[in-house]
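The lines below spell out each chain.
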Amino acid sequence: MSTHRVLLLTTAHSYRNEPFQRAAGRLDIEVILGIDAVQPPVRVQPGRLALDFNRVGAAASAIVEFAHTHSLDAILAADDSGVVLAAEAAGRLGLVHNSPQAAQAARDKYVMRSLMAAAGVPCPWFRTFSTADDLESVAASVPYPCVVKPLNLNASRGVMRADGRCELVAAIQRLARILDAAGVDDDTGSAHRAHPFLVEAFIPGIEVALEGILDDGELTVLALFDKPDPLDGPFFEETIYVTPSRLPDDVQAAIAASAGQAARAIGLRTGPIHAELRVNENGPWLLEVAGRSIGGLCGQTLRFEMDMSLEELILRQACGLPWRGVRRNAQATGVMMIPIPEAGILREVEGLDAAAAVPGVENVEITAARHHTLLPLPEGDSYLGFIFARGETPAAVERALRAAHKQLRFHIVPEFIIMQGPAAS
Ligand SMILES: Nc1ncnc2c1ncn2[C@@H]1O[C@H](COP(=O)(O)OP(=O)(O)OP(=O)(O)O)[C@@H](O)[C@H]1O
Ligand SMILES: [Mg+2]
C-alpha cells in the first residue's frame with residue numbers, strides 16, 4: 001500500500017509517463033495517469049482515468065469524484081495541456097496548487113506578456129492582432145525586426161521572424177494557414193477564420209532555458225541550459241541544450257532572478273517551471289515561463305544526488321517529501337533535439353551505431369516513425385529524435401553531440417502534397 005497517491009495529467013503516449021512512474025516506484029508513490037481523451041471511454045485500464053482536458057469543469061468534477069474513493073496528495077501536469085485542469089481540480093480538493101488563472105496565463109503568450117510587462121519584467125515590445133486585420137496596417141505599426149507567433153502553440157510552431165513589412169505580411173498569412181490546420185480556437189468548423197496572434201520585437205542575444213521548482217512562490221533553480229546554436233530566425237529550431245551553463249555566475253544569478261520575478265508576475269507559486277530567456281548587453285529578457293517541466297525526452301539529461309531524476313524531485317515536492325538542497329550531478333550533460341531537415345516521408349536513418357559510439361554519447365533515440373510524414377518548422381512541431389551526451393565539460397558535451405549528429409544520415413523522400421510555403425493555399 002503506497003503512502004502517497006498522485007494524479008498525473010498526461011497523454012496516453014507521453015514520453016514523460018515512464019520517467020514519472022519510475023520515479024514514483026522509487027518513492028513508493030502511486031501514480032494514477034489522467035489521460036486526455038476527447039470522448040472519455042467508459043472503461044479504462046486500471047491506474048488510469050480518462051478525462052477531457054478541454055472541458056475543465058466536467059473533468060475537474062470527475063477528478064473530485066475519483067478522489068472520494070482514492071485520496072490524492074497532489075495533481076501534476078506532464079505538459080501544457082493539463083496545467084489548467086490540474087490547477088482547477090487541485091483547488092477544488094484543497095491541495096497545494098497554482099491558481100487556474102495563473103495556469104491559464106502561462107499558456108497564453110499574450111496574457112503572459114501583459115502580466116510580465118505590467119510587473120516590470122524585462123520583455124520586448126509586443127502587441128496582439130488578428131489574422132482578419134488589414135495586414136498592411138499591421139505591418140506599418142510594428143518595429144523591425146520582429147517575431148510573429150501564435151498565442152498557444154508549442155515547440156516554436158508558427159514562430160517566425162520578419163525583417164520588413166513584406167516578410168511580416170507573408171509570415172502572418174503563413175501563420176493563418178498553420179492555425180487553420182491546427183484547428184485552434186475553432187468552434188465554428190469553418191476552414192478559414194480569424195485567429196489572434198502576437199507580434200514582438202526581436203530580441204537579439206543568446207538563449208537559455210531554466211528548469212526550476214517553485215515552492216510557496218520561491219524559485220529553486222535545478223538547472224540552467226545554454227543553447228549554443230544561434231536562434232536568429234527566420235524559424236526557431238531548438239537543437240542543443242547543455243548544462244551547466246557557461247555564462248558567468250553574475251549573469252546566471254540575474255537570469256534566475258528574472259525567471260522568479262516572471263513566475264510571480266504570472267501568479268505561478270508551486271511546482272515545476274520551465275523558463276526561456278534571451279541574454280544580451282542589457283541583461284536577461286523573458287521569452288516565456290511555463291508552469292510545467294521541460295518537454296520531450298530532454299528531462300533525461302538531468303540527474304541528481306543518489307540517482308534522483310527530475311521527475312523524482314517534482315514528485316517529492318508535490319508530496320511534501322524532502323527535496324531541497326539536492327544537488328545536480330557534477331558532470332556536464334546535454335541533449336540535441338535532432339531537427340527535421342526537410343519535408344517528406346522518413347524512410348530510413350543510417351549511422352545510428354556510429355553516432356552512439358562517439359565518446360561521451362549516452363544514447364541516440366529516433367522518435368519519428370519510419371514511413372510517416374515529417375513536417376519541418378514552422379508548420380511542424382516535432383523532432384526526428386534525441387541525442388544525449390555526458391562529459392567533463394559543457395564544451396566536450398557540445399562537441400560529442402555535434403559529432404554524433406554528423407554520423408546520422410536521413411533518407412527522406414518527397415510526398416505528393418507538401419503543406420509548406422507561402423504560395424500554398
Ligand atoms: N521576441 C523574440 N525575440 C527573439 N526570439 C524570439 C522571440 N520570441 C520567440 N523567439 C524565438 O522563438 C522560440 C519559440 O518562441 P516561444 O518560446 O515564444 O514559442 P513556443 O512555441 O512556446 O516554444 P516552446 O515550445 O519552446 O515553449 C524562442 O525559443 C526563441 O528562440
Ligand atoms: Mg518557448
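Residues numbered from 1 in each chain as written. Chains lettered and ligands numbered in written order. Predicted model: local features only at pLDDT ≥ 70, side-chain atom pairs only at ≥ 80, totals over all residues.

## Points about the overall build of the protein chain
Across its full length, the protein chain holds eleven helices and 21 strands. Its C-alpha atoms give the protein chain a radius of gyration of 21 Å, near enough to 22 Å, the size a compact globule of 425 residues would have. Its C-alpha atoms put the protein chain at 60 × 50 × 45 Å along the principal axes. Counting only residues that meet the buried cut, the protein chain has 44% of its 425 residues in that class. Considering only residue pairs separated by 6 or more positions, the protein chain has 67% of its internal contacts joining residues 24 or more positions apart. (Helix = DSSP H or I, 4+ residues; strand = E, 2+ residues; numbered from the N terminus. Rg over C-alpha atoms; globule rule 2.2 N^0.38 Å. Buried ≥ 20, exposed ≤ 12 C-beta atoms within 10 Å, placed from the backbone. Contact = placed C-beta atoms within 7 Å.)

## A few points about the sheet that holds strand 1 (residues 4-10)
With respect to topology, four strands assemble into an open sheet ordered 3-2-1-4, the strand pairing being parallel. At either margin of the open sheet sits one strand with a lone partner, and together these are strand 3 (48-51) and strand 4 (74-77). Direction aside, neighbouring strands of the sheet carry axes that sit 25° apart on average. Pairing of strand 1 with strand 2 (residues 29-36) involves seven bridges; the strand directions are parallel. Residue pairing for strand 2: His4 is matched across the bridge by Ile29. Packed on one face of the sheet, helix 1 (residues 17-27) meets strand 1 and strand 2 and runs near 160° to strand 2. Running at roughly 170° to strand 4, helix 3 (residues 83-93) makes contact with strand 1, strand 3 and strand 4 of the sheet. (Pairing = 2+ DSSP bridges. Axes fitted to C-alpha atoms, helices over the stretch in contact; angles between N-to-C directions.)

## As for the pairing of strand 4
Side chains on a regular strand alternate between the two faces of the sheet. Across the two faces of strand 4 the burial is the same, with Ala74 and Leu76 and Ile75 and Ala77 all buried. In this sheet, strand 4 lies alongside strand 1 in parallel orientation, the contact comprising four bridges. Residue pairing in the sheet places Val6 in a bridge with Ala74 of strand 4.

## Thoughts on the packing of helix 1 against helix 9 (residues 310-319)
Viewed as axis vectors pointing N to C, helix 1 and helix 9 meet at an angle of 60°, and their least axial separation amounts to 8 Å. With respect to each other, helix 1 and helix 9 are oriented oblique. For the pair helix 1 and helix 9, the crossing hand works out as right-handed. On helix 9, the residues that touch Pro19, Phe20, Ala23, Ala24, Arg26 and Leu27 of helix 1 are Glu311, Glu312, Leu315 and Arg316. Looking at the contact of helix 1 with helix 9, its residues break down into six nonpolar, no polar and four charged. (Parallel < 35°, antiparallel > 145°, perpendicular 65-115°, else oblique. Left-handed = near helix turned anticlockwise from the far one by under 90°. Nonpolar A, V, L, I, M, F, W, Y, C, P; charged D, E, K, R; others polar.)

## Side note on the site of ligand 1
Near ligand 1, the surroundings consist of 20 residues, among which Asn154, Glu200, Ile203, Leu231 and Phe236 are the closest. Of all the secondary-structure elements, those providing two or more residues to the shell around ligand 1 are strand 6 (146-150), strand 12 (271-280) and strand 13 (283-290). Split into classes, the residues belonging to the shell around ligand 1 amount to ten nonpolar, two polar and eight charged. When residues of the shell around ligand 1 are assigned to domains, at least three fall in each of domain 2 (125-201) and domain 3 (206-413). (Near = placed C-beta within 6 Å. Domains from an automatic or database assignment.)

## Overview of unusual backbone geometry
Omega for the peptide link from Tyr144 to Pro145 comes to -5°, which places this bond in the cis form. Mapped onto the fold, Pro145 is located in the loop between helix 6 (135-140) and strand 6. A positive phi angle is found at Ala155, which is not glycine, with a value near 60°. Counting through the fold element by element, Ala155 comes out in the loop between strand 6 and strand 7 (160-162). Looking at Ala155, the number of C-beta atoms within 10 Å reads 17, which means it is partly exposed. Although it is not a glycine, Asp216 adopts a positive phi angle of roughly 50°. Position of Asp216 among the secondary structure elements: in the loop between strand 9 (206-215) and strand 10 (218-227).

## Re the sheet that holds strand 7
Strands sit in the order 5-8-6-7 across an open sheet of four strands; the sheet is antiparallel. Where the open sheet ends on each side, the last strands, each with one partner, are strand 5 (126-130) and strand 7. Geometrically, the sheet is characterised by an average inter-axis angle of 30° between neighbouring strands, direction not taken into account. Summarising the sheet, strand 5 and strand 8 (residues 196-201) pair through five bridges and their orientation is antiparallel. Note that in strand 8 the partner of Thr128 across the bridge is Leu198.

## A short note on the domain arrangement of the protein chain
Segmenting the protein chain into domains produces domain 1 (4-105), domain 2 (125-201) and domain 3 (206-413). At the level of elements, strand 7 and helix 7 (165-182) are the ones that each hand at least two residues to the side of domain 2 that touches domain 3. Split by residue class, the side of domain 2 that touches domain 3 holds five nonpolar, three polar and three charged.

## Quick look at helix 3
Taken across its eleven residues, helix 3 has eight buried, putting it largely inside the fold. Those residues of helix 3 not exposed but buried are Val83, Val84, Leu85, Ala86, Ala87, Glu88, Ala89 and Ala90. Packing partners of the buried residues in helix 3 comprise strand 1, strand 3, helix 2 (56-69), strand 4 and helix 4 (100-107).

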